[in-house]
Amino acid sequence: MGGLSKIAVFASGNGSNFQALVDDARIAEAVYEIALLVCDRPAAYVCTRARAHDIPIVSFVPKDYHDKAEYEAFVLEQLQAHHIEWIVLAGYMRLIGPTLLHAYEGRIINIHPSLLPSFPGKDGIGDAVRHGVKVTGVTVHIVDAGLDTGPILAQQAVTIADGDTLADVEDKIHAVEHILLPKVVRQLVRK
Ligand code: GRF
């Protein structure tokens, strides 16, 4: 496996984007490897997915730590022990703090289910549907200290048709995410 860029995925929930990356990384011309899952909710389904693929998991419960700096110091130690080069946030429901931002400056990316800067935050899909927009989409960006801010790497639009339910739009968004995220990761690690 030598020569593959080592990536850690941070996730808090279902992990369908984690799965898309694992699947992409395992095909013949892969240029990266999902070497670690970092999860702040040990019972999340994404952990089951990681176990099914023998991917090491670093899980932690934030309230067991004094503050963000303390749990991020623990996570950073684990990232370094696994020689992680890039971090992909895929449904990780926490802001990254200075400890990880400084250690991995410019090497942390996030996927967000809207066309940023529209609809940042926890419910980018629901907010777009409630607003009545006709076009939303998916953004992949470099992470900085803000909430869903930072330089944009890629975006793809998704049309909301008359009569689409929230579930319809979620399905369309996730289908786009699962193609766009592996594509951006491949481009990044090749540079
Ligand atoms: C995705 O919609 C992603 O854009 C957002 O959180 C969701 C995670 O979904 N940041 P999953 O856990 O990858 O299925």
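Every residue gets a number counted from 1 within its own chain, in the order that chain's sequence is written. Where totals are concerned, whole chains, interfaces and linings use all residues; where local detail is concerned, this predicted model gives features only for residues with pLDDT of at least 70, and gives and counts side-chain atom pairs only at 80 or more. To obtain the side-chain values, all non-hydrogen atoms of the structure were used and water was disregarded.

> If you had to explain the site of the ligand to someone new, which residues and values would you point to?
Put simply, a residue is near a molecule or strand once any heavy atom of it comes within 4 Å of that molecule or strand. Near the ligand you find Asn14, Gly15, Ser16, Asn17, Gly91, Ile111, His112, Pro113, His174 and Glu177, and these make up its full shell. Here a polar contact is taken to be a pair of N or O atoms separated by no more than 3.5 Å, where protein atoms must pair a possible hydrogen donor with a possible acceptor and residues adjacent in sequence count only if both atoms sit in side chains. Ile111 places a main-chain nitrogen or oxygen 2.9 Å from a nitrogen atom of the ligand. Using a 1.4 Å probe, the Shrake-Rupley method yields the accessible areas, and only the shown protein chains count as cover for residues. Burial of the ligand by the surrounding chains reaches 86%, relative to a free accessible area of 370 Å². Judged by its atoms lying within 2 Å of the grid points, the ligand is housed in the largest pocket. Labels follow the DSSP assignment, with helices taken as runs of H or I lasting at least four residues and strands as runs of E lasting at least two, numbered in each case from the N terminus. Looking at the shell around the ligand, the elements that each hand over two or more residues are helix 1 (16-25), strand 5 (108-112) and helix 6 (166-190). By the convention adopted, Pro, Cys, Tyr, Trp, Phe, Met, Ile, Leu, Val and Ala count as nonpolar, Lys, Arg, Asp and Glu as charged, and the other residues, Gly among them, as polar. For the shell around the ligand, a count of residues per class yields two nonpolar, seven polar and one charged. Here a cavity denotes a set of grid points, spaced 1 Å apart and computed over the protein atoms alone, in which a 1.4 Å probe fits but from which it cannot get out, and a pocket denotes an open set meeting protein on both sides within 12 Å along at least five of seven lines; residues with an atom within 4 Å of a point are reported as lining. Those molecules having more than half of their atoms within 2 Å of a cavity or pocket grid point set are described as sitting in that cavity or pocket.

> Lay out the pattern of salt bridges with the relevant residues and their values.
Any Lys or Arg side-chain nitrogen found within 4 Å of a carboxyl oxygen on Asp or Glu counts as a salt bridge. Across all of its chains, the model carries seven salt bridges by this definition. The shortest N-O distance in the salt bridge between Asp127 and Arg130 comes to 2.9 Å. One end of the pair is Asp127 and the other is Arg130, both in helix 5 (residues 124-131) and three residues apart, which spans about a single turn. Note on Arg130: relative accessible area 58%, which makes it exposed. Across the salt bridge formed by Asp162 and Lys134, the nearest N and O atoms sit 3.7 Å from each other. Taken as a pair, Asp162 in the loop between strand 7 (152-159) and helix 6 and Lys134 in the loop between helix 5 and strand 6 (135-142) lie far apart in primary sequence, 28 residues in all. The residues Asp162 and Lys134 share a single accessibility class, namely exposed. Look at the salt bridges and you will find they share partners, linking Asp123, Asp127 and Arg130 into a network. The cut-offs for exposure are 20% and 50% of the maximum accessible area for each residue type, with area from a 1.4 Å probe on protein chains only; residues under the lower value are buried, those over the upper are exposed, and the others partly exposed.

> Describe unusual backbone geometry, naming the residues involved and giving the relevant values.
With an omega dihedral of 10°, the bond running from Leu116 to Pro117 counts as a cis peptide bond. Assignment of secondary structure puts Pro117 in the loop between strand 5 and helix 5. Notably, Asp54 is not glycine yet its phi reads approximately 55°, a positive angle. Assessed through its relative accessible area of 71%, Asp54 is described here as exposed.

> Help me get a handle on the environment of Ile160, residues and values and all.
With respect to the helices and strands, Ile160 occurs in the loop between strand 7 and helix 6. A relative accessible area of 12% means that Ile160 is categorised as buried. The residues touching Ile160, leaving out its near neighbours within four places in the chain, are Val129, Val133, Lys134, Thr136, Val169 and Lys172. Any two residues having at least one pair of non-hydrogen atoms within 4.5 Å are treated as being in contact.

> Provide a residue-level description of the side chain of Glu177, including the pertinent values.
Inspection of the secondary structure assignment puts Glu177 in helix 6. For the charge count, each Lys or Arg is scored as positive and each Asp or Glu as negative, with His and the chain ends excluded. Notably, Glu177 is buried but unbridged: the nearest opposite-charge side chain belongs to Arg49, and the N-O separation is 11 Å. A distance of 3.1 Å separates a polar atom in the side chain of Glu177 from a polar atom in the side chain of Asn17. Excluding anything up to four places from it in sequence, Glu177 contacts Asn17, Ile111, His112, Pro113, Val138 and Pro182.

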